[in-house]
Amino acid sequence: MAATDKVVPYFDISFQHASNAVLRKMRRFGDPESFVNLIERVRQRVPHAGIRSNFIVGFPGESVDDVDTLMAFLEEARLDAIGVFAYSDEDNTEAATFTDKLEADEIAARRDSVSALADELVAQRAEDRIGEESTMLVEVSGEATVGRVQTQGPEVDGETLVHGVHPVGAVVPVRIVDAQGADLVAEVIE
């Protein structure tokens, strides 16, 4: 991907959790060390890569230590976008048959706690991008022009605002000049 110029530097990696015990119960591979190693390898090859992932909290049997492991991983990973979802039973899945389920209010509290950290970390990562140059796909043009730079996925990540009118569908070179939470503010490079 890094060598293909028609592919944007955007990596959506489905980690789902960071705790080894929870991942095994989900029948998934990995652990915090291997995930951080993967992220570091991506950033070595593509220094300005945007990396996003989703996480499930409250999976049956998840402990407080498991949540702490997830939160420590998120702090180290420095992801650009983080989706946090509360576990819920899905028909015809193995997890729906597990007996060590958490109470709904505990799952919600864990989701809220991890989501608050995720919001803070994503905002910090957006601030880290101030000064970077990228290209932006214009999606809305009017009094303000809104779109996505190469490290932002549509409908799931932040968006980028530039001043001036630019045609929808145009790809314009920009420099990031500010961050507002997950959203970026840029200026067009002439």
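Residues numbered from 1 in each chain as written. Predicted model: local features only at pLDDT ≥ 70, side-chain atom pairs only at ≥ 80, totals over all residues. Heavy atoms only, no water.

## Some points on empty space enclosed by the protein
Under the convention used in this document: Only protein atoms enter the 1 Å grid used here. Points where a 1.4 Å probe fits but cannot escape make up a cavity, open sets with protein on both sides within 12 Å along at least five of seven lines make up a pocket, and a residue lines them when an atom lies within 4 Å of a point. Grid points are joined across faces, edges and corners, and a volume is the space filled by probe spheres set on the points. Counting from the N terminus, the helices are the DSSP runs of H or I reaching at least four residues and the strands are the DSSP runs of E reaching at least two. Each residue gets one of three labels, nonpolar for Ala, Val, Leu, Ile, Met, Phe, Trp, Tyr, Cys and Pro, charged for Asp, Glu, Lys and Arg, and polar for the others, Gly among them. As used throughout, domain bounds are those supplied by an automatic or database domain assignment.
Counting across every chain of the model gives one cavity of 30 Å³ or more. Within this model, the largest cavity holds a volume of roughly 110 Å³. Contributing to the lining of the largest cavity are Asp80, Ala81, Val122, Arg125, Ala126, Arg129, Thr151, Gln152, Asp157, Gly158, Ala182 and Leu184. Looking at the lining of the largest cavity element by element, the count peaks at three residues for helix α4 (residues 104-128). Across the lining of the largest cavity, the residue classes tally to five nonpolar, three polar and four charged. Two domains each put at least three residues into the lining of the largest cavity: domain 1 (10-128) and domain 2 (132-188).

## Things to note about the side chain of Asp66
Worth spelling out the cut-off: Only protein chains enter the accessibility calculation, which uses a 1.4 Å probe; a residue is then buried when its area is under 20% of its type maximum, exposed when over 50%, and partly exposed in between. In this tally Asp and Glu are treated as negative and Lys and Arg as positive; neither His nor the chain ends contributes. Put simply, a salt bridge is a Lys or Arg side-chain nitrogen that is within 4 Å of an Asp or Glu carboxyl oxygen. The contact rule is simple, with two residues in contact once any of their heavy atoms fall within 4.5 Å.
Residue placement: Asp66 occurs in helix α3 (residues 64-77). The buried charged residue Asp66 lacks any salt bridge partner; its closest oppositely charged side chain belongs to Arg110, at an N-O distance of 6.5 Å. Setting aside chain neighbours within four positions, we find Asp66 in contact with His17, Ser19, Ala21, Val22 and Gly61.

## Thoughts on unusual backbone geometry
The phi torsion at Gln16 lies on the positive side, around 75°, for a residue other than glycine. Looking at the element boundaries, Gln16 is found in the loop between β1 (10-12) and α1 (20-25). One non-glycine residue with positive phi stands out, namely Glu155, at about 70°. Among the secondary structure elements, Glu155 is positioned in the loop between β5 (145-149) and β6 (160-162).

## A word on the packing of α3 against α4
Put simply, the rule reads: An axis is simply a line fitted to the C-alpha atoms; with a helix, the fit covers only the stretch in contact. Between two such axes, the angle follows the N-to-C directions and lies from 0 to 180 degrees. Note that the term roughly parallel is reserved for angles under 35 degrees, roughly antiparallel for angles over 145, roughly perpendicular for angles of 65 to 115, and oblique for everything else.
Interhelical geometry of α3 versus α4 gives an angle of 10° and a closest axis separation of 10 Å. Here α3 lies roughly parallel to α4, going by the angle between them. Residues Val64, Val67, Leu70, Met71, Leu74 and Glu75 of α3 pack against Arg110, Ser113, Val114, Leu117 and Leu121 of α4.

## With respect to the sheet that holds β1
Using the following cut-off: Pairs of strands are assigned from DSSP output, requiring at least two bridges between the strands.
The parallel open sheet is built from three strands, whose spatial order is β1-β2-β3. The outermost strands of the open sheet, each flanked by one partner alone, are β1 and β3 (81-86). Across the sheet, the axes of successive neighbouring strands diverge by a mean angle of 15°, strand direction being ignored. By the bridge criterion, three bridges tie β1 to strand β2 (residues 50-57) in an arrangement that is parallel. Looking at the pairing, Phe11 lines up with Ile51 of β2.

## Description of the domain arrangement of the protein chain
The condition is simple: The quantity reported as buried area is the accessible area (1.4 Å probe) lost by two parts once they are put together, taken as the sum for both.
Along its sequence, the protein chain is organised into domain 1 (10-128) and domain 2 (132-188). Computed over C-alpha atoms, the centres of domain 1 and domain 2 are 27 Å apart. Listed by partner, the interface residues are eleven residues for domain 1 and eleven residues for domain 2. Its largest share of buried area at the contact with domain 2, domain 1 owes to Tyr10, His48 and Ala126, together 54% of the area lost on that side.

## A closer look at the UniProt feature "domain: TRAM" (unreviewed entry) in the protein chain
As a reminder of what qualifies: UniProt positions are given in the numbering used here, feature names are shortened, and annotations may be inferred rather than shown by experiment.
The feature "domain: TRAM" (unreviewed entry), as annotated in UniProt, sits at residues 127-190 in this numbering. The span residues 127-190 is 3% helix and 52% strand, and its two end C-alpha atoms sit 23 Å from each other.

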